[in-house]
Amino acid sequence: MFRRFCLAMFPLLALLSGAVSHAAPPGFRTLEIGDAAPDFELPGVDDRSYRLANALSSMGVNKGDRVAVLLRNCSEWFDIFFAVASLGAVMVPVNFLLKSKEVEFIVRDSGAKVLLVGQDLLPLVDPSSKETPELANVICIGQAAPPTPALSYSDLMEKAKADPPGREPPQA
């Protein structure tokens, strides 16, 4: 009961930003994730996750729907986690060490509507496969112009609204 009350009263992103601001040393604003990844800006998590949530919502992802994620360790995991959670959808992490048929089985078995995949792992996925009928969209992270029918993550993020999903922007 108490947990449900807390989750209803405080948005997940507000809890995260509050925890970071209290636990982080003064002036702490970035987190370095590996050698290849750019610095991860903590204050931008809510903006990026709201953009992704709105993009996923426009693709028909609703509460209870599955969103599969096939990525190596990268900063986009934070954005994806909070975007999917804010929609009430279920994230289905897929191990990047699996073979193509195993990835296909997990995506089909989970009933995922959307698959977010890293550009280096795109060969493991056949976006036009008849074997995954529930899969409506494949979003490629890290490639400006992925092969059709995959969509570009950066293009989606650029076009989507940064407002909390399901709410109208404030009137001026």
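See above for the structure.
Only a predicted model underlies this, so the values are computations on that prediction, with no experimental measurement involved.

Draft legend 1. Highlighting helix α5 (residues 100-110). Of all the positions in α5, only Val-103, Glu-104 and Val-107 are classed as buried. Burial along α5 is one-sided: seen end-on, the buried residues are contained in an arc of 100°. Opposite the buried face of α5, by more than 90 degrees, sit the exposed residues Lys-101 and Asp-109. Lining the buried residues of α5 we find β3 (66-70) and β5 (114-118). Residue Gly-111 follows α5 closely and has a positive phi angle near 75°.

Draft legend 2. Examining the nonpolar core more closely. Counting 23 residues, the largest nonpolar core has Leu-52, Leu-56, Ile-80, Val-114, Leu-116 and Ile-139 as the members making the most contacts within it. Of all the secondary-structure elements, those providing two or more residues to this core are α3 (45-58), β3, α4 (76-87), β5, β6 (137-141) and α6 (153-159). Setting aside its immediate chain neighbours within four residues, Ile-80 contacts Leu-52, Val-69, Leu-71, Met-91, Leu-116 and Ile-141. One finds Ala-68, Leu-70, Val-103 and Leu-122 within the second-largest nonpolar core, a separate group that totals 16 residues.

Draft legend 3. Representation of the pattern of salt bridges in the model. The tally for this structure, following the rule as stated, stands at five salt bridges. Salt-bridge contacts for Arg-48 lead to Asp-79; the nearest nitrogen and oxygen are separated by 3.0 Å. With a gap of 31 residues between them, Arg-48 in helix α3 and Asp-79 in helix α4 connect regions that are remote in the sequence. Asp-79 sits in the buried class, given a relative accessible area of 3%. One salt bridge in this structure joins Arg-72 and Asp-120, with 2.5 Å as the shortest N-O distance.

Draft legend 4. Just the sheet that holds β5, in detail. Across the sheet, which stays open at both edges, the five strands sit in the order β4-β3-β5-β6-β7 with parallel pairing between neighbours. Pairing within the sheet leaves two strands with one partner each, and these edge strands are β4 (90-93) and β7 (151-152). Contacting β3, β4 and β5, α5 runs over the sheet at an angle of about 165° to β3.

Draft legend 5. Quick peek at the pairing of β4. In the sheet, β3 pairs with β4 via four bridges, with the strands oriented parallel. Residue pairing in the sheet places Arg-66 in a bridge with Val-90 of β4. Following the backbone out of β3, through α4 and into the adjacent parallel β4, one traces a crossover that is right-handed.

The rules behind the values
Residues numbered from 1 in each chain as written. Predicted model: local features only at pLDDT ≥ 70, side-chain atom pairs only at ≥ 80, totals over all residues. Heavy atoms only, no water. Buried < 20%, exposed > 50% of the residue type's maximum accessible area, 1.4 Å probe, protein only. Helix = DSSP H or I, 4+ residues; strand = E, 2+ residues; numbered from the N terminus. Arc of directions from axis to C-beta. Contact = heavy atoms within 4.5 Å. Core = buried A, V, L, I, M, F, W, Y, C linked by side-chain atoms within 4.5 Å. Salt bridge = Lys/Arg side-chain N within 4 Å of Asp/Glu carboxyl O. Pairing = 2+ DSSP bridges. Axes fitted to C-alpha atoms, helices over the stretch in contact; angles between N-to-C directions. Right-handed = clockwise from strand over helix to strand, strands pointing away.

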